[in-house]
Amino acid sequence: MDFNRVKLPREIHSGPGVLKETGSICKDLKLSGRVLVASGPRTMKIAGESVISSLQDHEFDVETIIIKKPSMDAVEEVQDHMENMSAVLGVGGGKVIDVAKMASTRSGTHSVSIPTAASHDGISSPRASIKNQGGSVSLSAEPPIGVVADTQIISQAPFRLLAAGCGDIISNYTAVLDWKLAHRLLNEDYSDSAAALSLITAETTIKAAGHIKEGLIESAAIVVKGLISSGMAISIAGNSRPASGAEHKFSHALDIIAPEPALHGEQCGVGTIMMMYLHGGDWEFIRDTLKTIKAPVNAQELGIEPEYIIQALMKAHNIRKERYTILGDRGLTEAAAIKLARKTGVID
Ligand SMILES: NC(=O)C1=CN([C@@H]2O[C@H](COP(=O)(O)OP(=O)(O)OC[C@H]3O[C@@H](n4cnc5c(N)ncnc54)[C@H](OP(=O)(O)O)[C@@H]3O)[C@@H](O)[C@H]2O)C=CC1
Ligand SMILES: O=C(CO)COP(=O)(O)O
Ligand SMILES: [Zn+2]
């Protein structure tokens, strides 16, 4: 018999200034001795250094590593540093947190997630998106043992990152539609509770769209809550189905095709507009909500040439092939892709 297993973080701390409590939170989590702080080139200065001093104040022996790409090479490099470490703390955007999560999973230790931006829903989830030569893979991982989300730091991140987080949450609408479709057509496992949580998260964020403003701690808190709750839906499902459908396939395709891709959540938001059109749903509502949040709604605002949008639409069905979506097994023809992108105003 198959048993259900839901993996969640043990403690989630959020609020302005909570970063300074990292050392004490790690003690409460029963971590001790040597720990590795993994961060990005910018985020090490923005938050990593405060994390290090808080850990040192609590007698941790700290080593550091800079992560530039969410690749398997980076995961292995972190793993190489993990001997005798009790945990790796990922301080930064989604890239850093995914690498920390995967390296801790493979080395049998813990990770702590310390987001510096509310840009993605991998903050607390048991999944890691790791880039490889063909694009990226979605891997099962141990969830972080703890989450420390400092809404003061997150509110001071470039607003574009917060708007991207909203795009990643709004994509739950089409992700759940795709999941339901796969359940009906292919009898794929489906969880009502995971889908309900995913949709409530998207609805709550949309209702708050008018309050999501640059530089406000309250706005950062709304989005952080949504991203963590989306991550919980992923935990309940045991996979990213409640938060990743055809709109994510489109974003993953852009990451491969576009010379300079936009942010993950920005691309997913634009993907949601188009995939909602294909589902016959209210795509204009998705577009208008993204506009209210000041997230990109078209190719120009993404900074991506229309030709790459069309190519990504045509390639998307081939990504994460096991995940059946509205794009079907054959995907879109060029003519259909152009029509879709024009009809939804993504290209002129
Ligand atoms: N595991 C999962 O379930 C999920 C994983 N993801 C993955 O997460 C990644 C997307 O995350 P995202 O955060 O958008 O991208 P990145 O982690 O690439 O971060 C984007 C940029 O923002 C910078 N940054 C972060 N915080 C701040 C700050 N406070 N101030 C200034 N700059 C800052 C980073 O700096 P620096 O250069 O220092 O890194 C980086 O240059 C993708 O790889 C995606 O696949 C997305 C959703 C879910
Ligand atoms: O980005 C994700 C959820 O928001 C995870 O997506 P994937 O499982 O497609 O990598
Ligand atoms: Zn996502």
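Whatever comes next refers back to the structure up there.
This section reports on the structure supplied with the text. The numbers attached to residues start from 1 for each chain and follow its sequence in the written order. Ligands are numbered from 1 and chains lettered from A, in the order in which they are written. The predicted nature of this model means local features are confined to residues of pLDDT at least 70 and side-chain atom pairs, given and counted, to a pLDDT of 80 or more, with totals for whole chains, interfaces and linings taken over all residues. Side-chain metrics in this entry use all non-hydrogen atoms of the structure; hydrogen atoms and water are not considered.

## Re the site of ligand 1
Point 1. Near is defined per residue: the residue qualifies when any heavy atom it owns lies within 4 Å of the molecule or strand. Near ligand 1 lie 27 residues; those nearest to it are R42, D98, T116, S119 and R127.
Point 2. Identification of polar contacts relies on pairs of N or O atoms within 3.5 Å, with a donor-acceptor requirement for protein atoms, meaning one able to donate a hydrogen and the other able to accept it, and with residues adjacent in sequence counted only if both atoms are side-chain atoms. Between ligand 1 and G94, the relevant distance is 2.9 Å, taken from an oxygen atom to a main-chain nitrogen or oxygen of the residue.
Point 3. Within the complex, 88% of the 920 Å² of free accessible area of ligand 1 lies under protein.
Point 4. When residues of the shell around ligand 1 are traced back to their parent elements, those giving at least two are α2 (43–57), α4 (94–107), β6 (127–132) and α6 (159–170).
Point 5. For the shell around ligand 1, the residue count by class is 8 nonpolar, 11 polar and 8 charged.
Point 6. Throughout, the edges of the domains are those of an automatic or database domain assignment. Domain assignment of the residues forming the shell around ligand 1 places at least three in each of domain 1 (11–156) and domain 2 (159–343). Values of accessible area rely on a 1.4 Å probe in the Shrake-Rupley scheme; residue burial ignores everything except the protein chains shown. Numbering of helices and strands runs from the N terminus, with a helix taken as a DSSP run of H or I at least four residues long and a strand as a DSSP run of E at least two residues long. Classes in brief: Ala, Val, Leu, Ile, Met, Phe, Trp, Tyr, Cys and Pro nonpolar; Asp, Glu, Lys and Arg charged; the others, Gly included, polar.

## Focus on the site of ligand 2
Point 1. In the vicinity of ligand 2, the contacting residues are D121, S129, S138, D168, S240, A243, S244, H248, H252, H264, R320 and R323.
Point 2. A distance of 2.8 Å is found between an oxygen atom of ligand 2 and a side-chain nitrogen or oxygen belonging to S129.
Point 3. In the model, an oxygen atom of ligand 2 is placed 2.5 Å from a nitrogen or oxygen of the S240 side chain.
Point 4. Relative to its free-state accessible area of 310 Å², ligand 2 is covered by the protein chains to the extent of 95%.

## Topic: the coordination of the zinc ion (ligand 3)
Point 1. Around the zinc ion (ligand 3), the protein contributes the donor atoms D168 (OD), H248 (NE2) and H264 (NE2), which lie 2.1 Å from the metal centre.
Point 2. Along the chain, the residues donating to the zinc ion (ligand 3) fall in the pattern D-x79-H-x15-H. Of this pair, D168 sits in helix α6 while H264 sits in helix α11 (residues 264–278), and the two are 96 residues apart along the sequence. The rule for donors is simple: an N, O or S atom within 2.8 Å of the metal counts, and for Na, K and Ca the reach is 3.2 Å. Water is not among the atoms, so a site may look short of donors.

## Some words on the packing of aromatic side chains
Point 1. Two rings belonging to Phe, Tyr or Trp (six-membered ring only in the last case) form a pair when the distance between their centres is within 6.5 Å. Interplanar angles under 30 degrees mark stacking, angles over 60 mark edge-to-face geometry, and anything in between is tilted. By the definition in use, this model includes 2 aromatic pairs.
Point 2. With a centroid separation of 6.0 Å and 70° between ring planes, the pair formed by Y277 and W283 is classed as edge-to-face.
Point 3. A relative accessible area of 30% means that Y277 is categorised as partly exposed.
Point 4. Whether a charge lies above a ring is judged from NZ of Lys or CZ of Arg, which has to be within 6 Å of the ring centre and within 35 degrees of the ring normal. The ring of F60 has K27 lying over it, and the distance from NZ or CZ to the ring centre is 4.9 Å. Relative accessible area decides the class of each residue, using a 1.4 Å probe on protein chains only: under 20% of the type maximum gives buried, over 50% gives exposed, and in between gives partly exposed.

## Digging into the pairing of β6
Point 1. The pairing of β6 with strand β7 (residues 135–140) spans 6 bridges and is classified as antiparallel. Residue pairing for β7: N132 is matched across the bridge by G135. Pairing between two strands is assigned when DSSP locates at least 2 bridges connecting them.

## Digging into the sheet that holds strand β8 (residues 146–150)
Point 1. An order of β1-β8-β5-β4-β2-β3 is seen for the 6 strands of this open sheet, with the pairing classed as parallel. In this open sheet, the two strands that pair with only one neighbour each are β1 (11–15) and β3 (61–66). Across the sheet, the axes of successive neighbouring strands diverge by a mean angle of 15°, strand direction being ignored.
Point 2. Packing against the sheet, α4 makes contact with β2 (34–39), β4 (85–92) and β5 (110–115), and its axis sits at approximately 165° to β4. Lines fitted to C-alpha atoms define the axes here, with helix axes fitted over just the stretch in contact, and angles between the N-to-C directions of these axes take values from 0 to 180 degrees. Any two residues whose heavy atoms approach within 4.5 Å are treated as being in contact.

## Regarding the packing of helix α14 (residues 306–315) against helix α15 (residues 334–343)
Point 1. With their axes 9 Å apart at the nearest point, α14 and α15 run at an angle of 120° to one another. The pairing of α14 with α15 is recorded here as oblique in orientation. Crossing of α14 against α15: the hand is right-handed. Facing I309, I310, L313 and M314 of α14, the residues of α15 in contact are E334, A337, I338, L340 and A341.
Point 2. Looking at the contact of α14 with α15 residue by residue, the class counts come to 8 nonpolar, no polar and 1 charged. We call two directions roughly parallel when the angle between them is under 35 degrees, roughly antiparallel when it is over 145, roughly perpendicular when it lies between 65 and 115, and oblique otherwise. Crossing chirality is assigned from the near helix's rotation relative to the far helix, an anticlockwise turn below a right angle marking it left-handed and a clockwise turn marking it right-handed.

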